[in-house]
Amino acid sequence: MATAANTTAGAAKDGNAPAAAAPAPAKTLSGIVKQVLSGDTVVIRATKGAPPPEKQITFSHVLAPKLARRPGAGGDETKDEPWAWESREFLRKKLIGAEVTFTFDKPANSNREYGFVWLGKDKESGENVVESIVREGLVTVRREGRPTPEQQTLIELEDQARAAGRGKWAHNANAADKVRNIKWSHENPAHIVDVYGGKPVKAIIEHVRDGSTVRAFLLPDFHYVTLMISGIRCPGVKLDADGKPDLTVKVPFADEARYYVETRLLQRDVEIRLESVNNSNFIGTILYPKGNIAESLLREGLAKCVDWSMAVMKTGADKLRAAERIAKEKRLRQWQDYQVKTPAFNSKEKDFTGTVVEVFNGDAINVRLANGQVKKVFFSSIRPPRDQRVGTEGEEIVKAPPRGKNYRPLYEIPHMFDAREFLRKKLINKKVQCNLDYISPLRDNFPEKHCYTVLIGGQNVAEAMVAKGLATCVRYRQDDDQRSSAYDQLIAAEQQAIKGLKGMHAKKDNVTLRVNDLTVDHSRIKVQYLPSWQRALRTEAIVEFVASGSRLRLYVPKDSCLVTFLLAGISCPRSSRPALNGVPAQEGEPFGDEALTFTRERVLQRDVSVHIDTTDKAGSSIIGWLWTDQNVNLSVALVEEGLAEVHFSAEKSEYYRQLKSAEDRAKAAKKNIWANYVEQVPEEKVVIEEEKDEKVPAERKVNYENVIVTEITETLTFFAQSVDNGPKLDTLMSKLHADFQANPPIAGSYTPKRGDLVAAQFTADNQWYRAKVERVQGQNASVLYIDYGNKETLPVSRLAALPPAFSSEKPHATEYALALIVLPADNEDKEEALRAFSDDVLNHKVQLNVELKVASGPNLATLHDPTSKTDFGKQLVADGLVIVEKRRERRLKELVEQYRAAQEAALAAHLAIWKYGDITQDDAPEFR
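If you're wondering where the values come from, they're calculated on a predicted model, not measured in any experiment.

A.B. asks: Honestly, the nonpolar core in this entry has me stumped. Any pointers?
C.D. replies: What tends to happen in soluble globular proteins is that the nonpolar side chains get buried as a cluster. Among the nonpolar cores identified, the biggest contains 42 residues, and Trp533, Phe565, Leu626 and Leu638 are the most heavily contacted of them. Considering each element in turn, this core owes the most residues, five residues, to helix α17 (residues 634–640). Non-local contacts of Leu638, meaning those with residues more than four positions away in its chain, are made with Gly549, Leu567, Ile570, Ala595, Phe598, Thr599, Leu643 and Ala644. Residues Ala311, Val367, Val474 and Tyr476 belong to the second largest nonpolar core, which totals 40 residues.

A.B. asks: How should the pairing of strand β37 (residues 768–777) be read in this particular structure?
C.D. replies: Regular strands have side chains that alternate between both faces of the sheet. Where strand β36 (residues 757–761) meets β37, five bridges bridge the pair, whose relative direction is antiparallel. Looking at β37, one finds that Ala759 is bridged to Arg770. One ladder, built from six bridges, connects β37 with strand β38 (residues 780–785); its direction is antiparallel. Opposite Gln777, over in β38, you have Asn780 as the bridge partner. Hairpin connection between β37 and β38: a loop of two residues separates the two successive antiparallel strands, and Gly778 in this loop has a positive phi of roughly 65 degrees.

A.B. asks: What am I meant to see in the sheet that holds strand β34 (residues 705–712) here?
C.D. replies: Sheets are built from strands paired through backbone hydrogen bonds, the pairs being either parallel or antiparallel. Taken together, the five strands give a closed barrel; going around it, the order is β34-β35-β41-β44-β43, and neighbouring strands pair in mixed fashion. Taken over all neighbouring pairs, the strand axes of this sheet differ in orientation by 60 degrees on average, direction set aside. Taken together, the four bridges between β34 and strand β43 (residues 845–852) define a ladder with antiparallel strand orientation. Paired with Asn706 across the strands is Gln847, a residue of β43.

A.B. asks: Where do I start with the packing of aromatic side chains in this structure?
C.D. replies: What characterises a pair of aromatic rings is the spacing of the ring centres plus the angle enclosed by the ring planes. One pass over the structure, following the stated rule, counts 24 aromatic pairs. Among the aromatic residues, those joined into a cluster by ring pairs are Trp85, Trp184, Phe217, Phe222 and Tyr224. When the ring centre of Trp335 is taken as origin, the NZ or CZ atom of Lys328, which lies over that ring, is 4.9 Å away. When the ring centre of Phe360 is taken as origin, the NZ or CZ atom of Lys376, which lies over that ring, is 4.2 Å away.

A.B. asks: Please explain the side chain of Ser60 as it appears in this structure.
C.D. replies: Relative to the helices and strands, Ser60 resides in the loop between β3 (54–59) and β4 (62–63). The contact partners of Ser60, leaving out residues within four places of it in the chain, are Tyr114, Gly115, Phe116, Val130 and Leu154.

A.B. asks: Help me understand the pairing of strand β22 (residues 431–440) in this model?
C.D. replies: With respect to burial, β22 is a largely interior element, seven of its ten residues being buried. The pairing of strand β16 (residues 351–360) with β22 spans five bridges and is antiparallel. By the bridge assignment, Asp351 is partnered in β22 with Asn435. Judged from the seven bridges that link them, β22 and strand β23 (residues 449–456) form a sheet pairing that is antiparallel. Counted as the bridge partner of Leu436 is Tyr452 from β23.

A.B. asks: I would appreciate a short explanation of the sheet that holds strand β5 (residues 99–105) in the present structure.
C.D. replies: One closed barrel accounts for five strands, arranged β1-β2-β3-β6-β5; its pairing is mixed. Going from strand to strand, the sheet's axes swing by 55 degrees on average, the running direction of each strand aside. Two strands pair when backbone bridges link them, and β5 and strand β6 (residues 113–119) are joined in this way by six bridges, in the antiparallel orientation. Within β6, the residue paired with Thr103 across the bridge is Phe116. Lying on the sheet, helix α2 (residues 84–95) is in contact with β1 (27–38), β2 (41–45), β3, β5 and β6; it crosses β1 at an angle near 125 degrees.

A.B. asks: Help me understand the domain arrangement of the protein in this model?
C.D. replies: How big an interface is tends to be stated in terms of the accessible area lost upon association of its parts. The domain architecture assigned to the protein consists of domain 1 (27–176), domain 2 (189–335), domain 3 (352–388 + 409–482 + 494–505), domain 4 (516–576 + 589–674) and domain 5 (697–724 + 812–927). The interface of domain 1 with domain 2 comprises 15 residues on the first partner and 14 residues on the second. Together domain 1 and domain 2 conceal approximately 1200 Å² of surface at their shared face, both sides included; 53% is due to carbon and sulfur atoms. Seen at the junction of domain 1 and domain 2, the total is three salt bridges. For Asp269, the salt bridge identified is with Arg92, shortest N-O distance 3.1 Å. The tally of links from domain 1 across to domain 2 stands at four residue pairs in polar contact (both at pLDDT 80 or more). Secondary-structure elements contributing two or more residues to the side of domain 1 that touches domain 2 are β1 and α2. The greatest single-element share of the side of domain 1 that touches domain 2, amounting to four residues, is contributed by α2.

A.B. asks: Just to check I follow, could you spell out the confidence of the model for the protein for this structure?
C.D. replies: Any segment with low pLDDT has predicted coordinates that should not be analysed in fine detail. Averaged over every residue, the pLDDT of the protein is 86; the share at 70 or more is 90%. Within the model, pLDDT remains below 50 along residues 1–23, and this stretch shows 57 contacts once partners closer than five positions in the same chain are excluded. Low pLDDT (under 50) marks residues 390–397, which in the prediction has eight contacts with non-local residues, meaning those over four places away or in another chain.

A.B. asks: Whenever I open this one, unusual backbone geometry confuses me. Can you help?
C.D. replies: Among all residues except glycine, the phi angle is most often negative; among peptide bonds, the trans geometry is most common. Note the cis peptide between Leu219 and Pro220, where omega equals 5 degrees. Within the element layout of this structure, Pro220 appears in the loop between β9 (213–218) and β10 (223–229). The phi angle at His61 is positive, at roughly 70 degrees, despite the residue not being glycine. Relative to the helices and strands, His61 is located in the loop between β3 and β4. Phi at Asn672 is positive, roughly 45 degrees, even though this residue is not glycine.

A.B. asks: Help me out: how do you make sense of the environment of Ile525 in this one?
C.D. replies: As for its position among the elements, Ile525 is in helix α15 (residues 523–535). Since its relative accessible area comes to 0%, Ile525 is described here as buried. As for Ile525 and Ser38, which are separated by 487 residues in sequence, their C-alpha atoms are 87 Å apart.

A.B. asks: Explain the environment of Tyr487 to me, please; I cannot follow it from the model alone.
C.D. replies: Relative to the helices and strands, Tyr487 is located in helix α14 (residues 487–499). Between the C-alpha atoms of Tyr487 and Pro53, which are 434 residues apart in sequence, the distance is 42 Å. Residues within four places of Tyr487 in sequence aside, it is in contact with Asp307, Arg321, Ser381, Val474, Arg475 and Tyr476.

A.B. asks: What's the story with the pattern of salt bridges in this structure? I'm lost.
C.D. replies: If the charged atoms of two oppositely charged side chains come close together, the side chains can form a pair. Scanning the entire structure with this criterion turns up 42 salt bridges. Glu89 serves as the salt-bridge partner of Arg92, at 2.6 Å between the closest nitrogen and oxygen. A residue pair is termed a helical-turn pair when its members lie 3 or 4 positions apart in one helix, as Arg92 and Glu89 do in helix α2 at three residues. Salt bridges sharing common partners tie together Arg88, Glu89, Arg92, Glu206 and Asp269.

Thresholds, definitions, all that
- Residues numbered from 1 in each chain as written.
- Predicted model: local features only at pLDDT ≥ 70, side-chain atom pairs only at ≥ 80, totals over all residues.
- Heavy atoms only, no water.
- Core = buried A, V, L, I, M, F, W, Y, C linked by side-chain atoms within 4.5 Å.
- Buried < 20%, exposed > 50% of the residue type's maximum accessible area, 1.4 Å probe, protein only.
- Helix = DSSP H or I, 4+ residues; strand = E, 2+ residues; numbered from the N terminus.
- Contact = heavy atoms within 4.5 Å.
- Pairing = 2+ DSSP bridges.
- Axes fitted to C-alpha atoms, helices over the stretch in contact; angles between N-to-C directions.
- Phe/Tyr/Trp six-rings, centres within 6.5 Å; stacked < 30°, edge-to-face > 60°.
- Lys NZ or Arg CZ within 6 Å of the ring centre and 35° of its normal.
- Domains from an automatic or database assignment.
- Buried area = accessible area lost by both parts, 1.4 Å probe.
- Salt bridge = Lys/Arg side-chain N within 4 Å of Asp/Glu carboxyl O.
- Polar contact = N/O pair within 3.5 Å; in protein donor to acceptor, adjacent residues only side chain to side chain.
- pLDDT = per-residue confidence, 0-100.

Okay, here's the thing in structure tokens:
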């Protein structure tokens, strides 16, 4: 035990001990050595508490060489004194984590406590550590004043070390060899990571800042690094306004996490695997004798997984997720309030195997199961290329504005076609394993999505896409478990794609695929493309869409064009068609849908070869022969299956004999359309819903209403106001304008939502009108003026809440569809028809008769001149500007016959759209 005399002598280190200090009894305690600060100073913690109290003890009567001090740590940089590191290491290896007994006292006017340390619980039998380090010649014994017995013992031990040449007293020792060359800072941290190449490097943890951040020396080169542990984050100290630690704020579990790491890593020999750099900090994994410290922290609920740093891990990310899952299930510490958010799935939903039959752009596929059911499968946690562009100032990415109706995202969004092609070539007609990860709920205009990890041959398809830069990873909140089961691999793949500048991450400008859309612009087919296609023996193509058994849309890579393709030599039943662009749904002919399915299953999104013979009469589609990827003539295959019959035009073809033989075999087997081929195939029975109700009149009723047509849309619907309600509308507008003039709204005070009834300030006259919000995109909103029928896109600052007094009155403009009329497919013809209709009726007083009320969509109506009683729709037909719609309602029979007679006359006279003959043959609205 130290006496008062030798304590006073030891206090001379501080230079502030009095000449005659009052004797004080030395205290004896036990504890665990937490840290060795130098060859003569240790930090000892109590055996109880979490964290337990600590005490710093400086050895009495000895002085160790001073360790180097890093710049900024309370002063300028200093170097090691010779043998400083060796003396520190002697104690570290002997004491760290060991139980010791120690005595100490604190001299008057001293800030330090001095004493002796013994290994073990008993100082009588334990090793005196101060004597041991003196014996090794690693410290200097103070010799001033009259020595105490303890001090005299140390002097004798030092003399023995000198005589034996041990430690710093070694004969012929070069002091410069015992000074470390410490690299306190690194100009290029990434270079250090590359030097070690992901291999474990020996290290000593010097400081634990928080549970997931430490400082360490990398050996043997003494790189001093600040290391953030890969894949996790522990609670840390809150920072104040100046960015300094605010110790007054207690963060739950922060002290416990730091203590947990200190007791296992501080000044221990570990291995560190450097994996990346974040600013000047390194990111890596720490391996200690009991395993990975990150896993231990997660398993105890003292840390949470962090996606961004987990992405840089070479291995072990799955183990971190598993460790975190254990803490969640046990609701340990940070997870004490954890609630499971992932819904339960039944086994049929969760996992299944099937064949891919269709790819949707870059994020979904259709998979056909063994029972024939087709399921739409979305890839988990990835996002396909987006429709984006740089803002006007080049500083931020904003969504592109709405495109025209002929906009094709597959070709116009950069890399979307590449993503689709990657999936198409890899998956179409291949078996895949689908494992359900989560179900994305219905929100906004997006339907519910079942999101899966899709495997082909054991490879994750989404990961392969991300690795090629053809998709990006969705970023989630840290507590969101609704993500891919292979999310960490996806993040790692994305990091590699970014580093390799692949796909979307390339530095060069993203260029859209230039595609000549011949399904819209027909004029170039005969002149520019047809001659070369006819000369070619076969042309390679991709089937992009199947409209019916014999009508397809092809993409020809060689010419980078889209074109409508009709199978030559056959006549296929018409398939049913959905309602599209104002055209009502149509029922199909018998076996039309079966023919459509047959063709889809064999060629949709497959590589095919075609030989083009000619075009149709209108020059809008090409006609030819198509061979599947199995080199099967599709025309022959359809006939063989009894889903098509041979057309007379095939008689001059080299394939006529094959077609005729196939048809004979189908007839003999009575397949599909030939089940009763002796009899004539009966016409389809069209059941009109309104005629099922006997109360609905079968005769057409005429009840003219005087209206003013205020707006005509591009699909030939129109908005009309009742003339009788004109004064009422004028009064409403006068009051509305006066109200807003007296109480102008504050710009920007109103936030519109889709479907809201609002007041909108019309651009042309800056007056306020009633409107309905149809779409909100950023700071702009698209609105429909409900009393007039026109639409406009406005800044949201020009919208305001509609006063309640003006919201109850019904809209004064009603939308109608022009009865029995269909616009032609050609854009120029369409514009001409709309122009003629506008000249006749727009802003004119006309008479309107509702011909048919429609459950969903605008009612069908005819418009008539009040004086001459001219039917404006029938006049458009007679002028050859539009096509008569095929309707079979009994009440419209007479009107349809009149319209058809007018169309026949226009066709016979080759007027306008009928200039080159009948354009309605096999004309599908899908391609308009």
